[in-house]
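# Chain and residue survey
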Amino acid sequence: MDKLKQKIRMIMAIAYIIAIVLACLGNYLDGWLAIAALVIAVIPTFVALLLTTIGLLAKFHPVLLSKMWNKFIQRSELPEVKQPDHTSSDWQQWFADQSVNGWKVTIKDNHKTPWSDEAIDQDCPLPEYPRPQLERERWLNLKGLWQFNVLPKEKEVNRDFPGLIQVPYPVESALSGVGRPVYGGEKIWYKRLFSVPADWSSERIILHFGAVDWQANVYVNGQFQVEHTGGYTPFSVDITDVVNLDGENEIVVVVYDPTDSNEREDEARQKGKQTLCPTDISYTASSGIWQTVWLEPVSQCHVKSVFANANVKAGYATIETKTTGNTAGITARITTLCDGKTFVGKPGVPITVITEDKKLWSPENPYLYQIRVELLDGEKVIDSVNSYFALREVGKERINGEVVLTLNGKPVFHHGPLDQGFWPDGLYTHSSDRALVFDIEQIKAMGFNMARKHIKVESARWYYHADRLGLMVWQDMPSAGSFTSGSYSMWLDYIQHLAPFGVKHVMVRDDDYEGWNRSELSKAQYYKELEEMMDALCVNPSVVCWIPFNENWGQFDAIAATDFIKNKDATRLINNVSGEQDQGVGDVFDCHIYMQDLWLPVDRSNYRTSVIGEYGGKTWKVQEQAWSDGKIFSYGETESIEDFRGQYRGLMMSEVKPLIEKGLAATVYTQITDVEGEINGLITYNRKVTKVIPEDMRDTHETLYKAFENRLG
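Calculation criteria
- Within any chain, residue numbers begin from 1 and follow the written order of that chain's sequence.
- Per-residue local features are limited, in this predicted model, to residues with pLDDT of at least 70; the limit for side-chain atom pairs, both in listing and counting, is 80 or more; totals at the level of whole chains, interfaces and linings are taken over all residues.
- Values reported for side chains reflect all heavy atoms of the structure, with hydrogen atoms and water molecules removed beforehand.
- Here a strand is any run of E in DSSP of at least two residues, a helix any run of H or I of at least four, and the numbering for each starts at the N terminus.
- Here, residues are in contact when the closest pair of their heavy atoms is within 4.5 Å.
- For this analysis, a polar contact is any N or O atom pair within 3.5 Å, provided that within protein one partner can donate a hydrogen and the other can accept it, and provided that sequence-adjacent residues contribute only side-chain to side-chain pairs.
- At least two DSSP bridges between two strands are needed for those strands to be called paired.
- Helix axes are fitted only over the stretch in contact, all axes being lines through C-alpha atoms; the angle between N-to-C directions runs from 0 to 180 degrees.
- Angular relationships are summarised with four words: roughly parallel below 35 degrees, roughly antiparallel beyond 145, roughly perpendicular across 65 to 115, and oblique for the angles in between.
- Should the near helix be turned counterclockwise from the far one by less than a right angle, the crossing is left-handed, whereas a clockwise turn marks it as right-handed.
- Any residue that is not Ala, Val, Leu, Ile, Met, Phe, Trp, Tyr, Cys, Pro, Asp, Glu, Lys or Arg is counted as polar, Gly included; the first ten are nonpolar and the last four charged.
- Centres within 6.5 Å make a pair out of two Phe, Tyr or Trp rings, where for Trp the six-membered ring is used; the pair is then stacked when the planes are under 30 degrees apart, edge-to-face when over 60, and tilted otherwise.
- Here the term buried applies to any residue with accessible area under 20% of the maximum for its type, exposed to any over 50%, and partly exposed to those in between, with areas from a 1.4 Å probe on protein chains only.
- Salt bridges are defined by distance alone: a side-chain nitrogen of Lys or Arg within 4 Å of a carboxyl oxygen of Asp or Glu.
- Comment: arc refers to directions from the helix axis out to C-beta atoms.

Here we come to the environment of arginine 687. Mapped onto the elements of the fold, arginine 687 is located in the loop between strand E32 (664-670) and helix H12 (694-712). C-alpha separation for the pair arginine 687 and serine 628, spaced 59 residues apart in sequence, amounts to 15 Å. Excluding residues within four positions of it along the chain, arginine 687 makes contact with Pro114, Trp115, Phe422, Trp423, Pro424, Phe438, Asp439 and Thr673. Here the side chain of arginine 687 touches aspartate 439 through a polar contact of 2.8 Å, side chain to side chain.

Take a look at the structure:
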């Protein structure tokens, strides 16, 4: 943006010069020519004065200018597809066509990933057990073809399911076999039949959903079972009392997902980068069931979660087994599978597990201790799950006057890409477990040691692979809000970036809930989803940092959110706001810097690390692999693939390395893959072309790590 700022100043100067020249000519000319010169001079004078006024406001009163700009944006008409009652008029024709042609997946060649066919050809896509941190031997995968319908949201009863959809792929995705949007005036109705295996007859039957976007109501055999709101977190329900053990059973799931319809009036809700009007840095929505649905049998008292807290210096972990049901007379037993040792205690009470052969988890050596967790009633094992834990601690320390991040007590420079987790074939949902592994292995092969999972919560298997492959994860809470809703401060940072006369940087307090588009209900929903995300991911050693807000998309009271996170999980770092309206709390001071020279974010008064949470975003479009031929979004174009690679290395060597030497603690480069029209990835959206040479990237990044080590002495 430095170049853009220079262009603005140049336009102002040229406008003033032209206005002065025309005014002078008007004094020397006679008659109509003089009048014409003076009239024409009004145009450049107006442009120059307008830009000058904006520049002065941006410098001395940026908040006022931001409010004015937000009011101007709000005046534009809401697109038809975002109207709250908008529906498609041709669903019935679409269902009729599908009944004739049969269910099929149609994907453009450039939208196919190397693994798309695995999802198309299998009777049951994604066959792996979906929750590796708590794995049971017996389970029933309910993925595959379900019946479905899309009806007006007012309709409360439905017995007609004319279409077929492949679960767990979003309705909008090609792999679902549908590939159509769902609007704010519609609901998705799913139906699936299943039979309970004969050997489950004496046990409780649990129905699990990995994630459903956005609000799901679940019925089994016509009886309501559970409602869950929030599109990114898992939920379960015990359906034992309504299932038929001897015949078929029916599951019906009714989903309402308005995405960003009526965004200017509705309360802020967590939707990430999804939109009904994909463009620039907002992408196609992922409505409905988008993670695995499965059944498993359990005892009345069974393991609900296994949480480990490591003590690296002492070489042990305390492991808490949380349970459901009456635990009177029940014992918890943990067996470390590497040596067969057992440790016994009460459910719900931390059990100390000592490891004689202490192996610490790190990106270089991501060692996981495999364990079996059992519940015993006397000598009888009533529940058994396989799990794992790691000896890993994260923190921060002041060295030579600068605050650094630590892993297992040692300083570590965190360096990785932004990872948004979108796929051209499945949108939010990957086509194959191998696709998840590919992304993480590529990140590691390029010499990165972390990734920022951006405004999305992945499936449990992604974090499992990050655990076992050794990738540190900075985890975003999915954002709410958009560029046309919420606080005036949405535009504040952009205005300051472009201010031609410099800026007066201001920190806008974010505790004005109404101004930041949050009601009490909206705040409660945010914290519900935040807690569910933390509960799901706190078991993963790869997750080292929580980020409650990205920039100010749906941001509100980041100080309170930081306190909430710290009270719930004191073992990880907290980045209160990644970019823009930082509130001076947490462990990280994070700035986003695009299209201008990088600079060092410094907050010496609050004992926080200096981090550039987003930067880069250089573009090289591989035309034949691109999402579309239309408009692309970038933070800076390059002339060739060689120029793309050269600019990346130049950025690292000429700007990032000097900042590391001055105290920079972490960076997040935008980004690992292209996403739809945002063409600034190191890999194409369909994962067919890696634009960089991993070995060269690794060498470049090794230079950065050495600069960090040299700074510490």
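Attention now moves to the sheet that holds strand E20 (residues 369-377). An order of E18-E17-E20-E21 is seen for the 4 strands of this open sheet, with the pairing classed as antiparallel. Here the strands that pair on one side only, and so sit at the sheet edges, are strand E18 (341-345) and strand E21 (380-389). Taking each pair of neighbouring strands and ignoring which way they run, the sheet shows an average axis angle of 20 degrees. Pairing geometry for strand E17 (residues 330-336) and E18, over 5 bridges, is antiparallel. Note that in E18 the partner of threonine 335 across the bridge is threonine 342.

Here the focus is the packing of helix H11 (residues 641-662) against H12. Contact geometry for H11 and H12: axes closest at 9 Å, N-to-C directions at 15 degrees. It follows from the interaxial angle that H11 and H12 lie roughly parallel. Every pair of crossing elements has a handedness; the one defined by H11 and H12 is right-handed. Judged by residue contacts, Tyr648, Arg649, Met652, Met653, Val656, Lys657, Ile660, Glu661 and Lys662 of H11 engage Met697, Thr700, His701, Thr703, Leu704, Ala707, Phe708 and Arg711 from H12. Residues that form the contact of H11 with H12 fall into these classes: 9 nonpolar, 3 polar and 5 charged.

Its place among the elements puts glutamine 625 in the loop between strand E31 (609-616) and H11. For glutamine 625, the contacting residues outside a window of four places in its chain are Asn110, Thr684, Asn686, Lys688 and Val689.

In this section: the packing of aromatic side chains. Scanning the entire structure with this criterion turns up 35 aromatic pairs. Ring centres of tryptophan 146 and tyrosine 190 lie 6.2 Å apart, and the angle between their planes is 90 degrees; this geometry places the pair in the edge-to-face category. In this pair, tryptophan 146 sits in strand E2 (residues 144-152) while tyrosine 190 sits in strand E4 (residues 186-195), placing the two residues 44 residues apart along the sequence. Classification of tryptophan 146 as buried rests on a relative accessible area of 1%. Summarising the aromatic geometry, the rings of tyrosine 526 and tyrosine 527 are spaced 5.3 Å apart at their centres and angled 85 degrees between planes, so their arrangement reads as edge-to-face.

Moving on, we get to the pattern of salt bridges. One pass over the structure, following the stated rule, counts 33 salt bridges. The residue glutamate 458 makes a salt bridge to lysine 453 at a minimum N-O spacing of 2.8 Å. As a salt-bridge pair, glutamate 531 and lysine 568 come within 3.5 Å of each other at their nearest N and O atoms. Residue glutamate 531 is located in helix H9 (residues 520-537), and its partner lysine 568 is located in helix H10 (residues 558-568); the two are separated by 37 residues in the primary sequence.

For residues other than glycine, phi is negative in most cases, and the peptide bonds are mostly trans. A cis amide bond, omega 20 degrees, links aspartate 213 with the succeeding residue tryptophan 214. Not every positive phi belongs to a glycine, and leucine 126 is a case in point at roughly 50 degrees. Locating leucine 126 in the fold gives a position in the loop between helix H5 (116-121) and strand E1 (140-141). Classification of leucine 126 by relative accessible area gives buried; the value is 7%. For asparagine 221, which is not glycine, the phi dihedral falls at a positive 55 degrees. In this fold, asparagine 221 is placed in the loop between strand E7 (215-220) and strand E8 (223-229).

Moving on to helix H4 (residues 91-101). For H4, the full list of buried residues reads Trp91, Trp94, Phe95 and Gln98. Taken around the axis of H4, the buried residues stretch over an arc of 100 degrees, which confines them to a single face. Residues of H4 that are exposed and point over 90 degrees away from its buried face: Ser99 and Val100. For H4, the secondary structure elements touched by its buried residues are E2, strand E3 (163-167) and E4.

Among the secondary structure elements, asparagine 158 is positioned in the loop between E2 and E3. By relative accessible area, which is 12% here, asparagine 158 ends up buried. Once residues within four sequence positions are removed from consideration, asparagine 158 is found in contact with Asn149, Leu151 and Trp189.

Before going further, it helps to spend a moment on the pairing of strand E22 (residues 394-399). Here E22 pairs with strand E23 (residues 402-407) via 6 bridges, running antiparallel. Bridge pairing links glutamate 397 to valine 404 in E23. The loop that links E22 with its antiparallel partner E23 comprises 2 residues; one of these, asparagine 400, has a positive phi angle of about 55 degrees.

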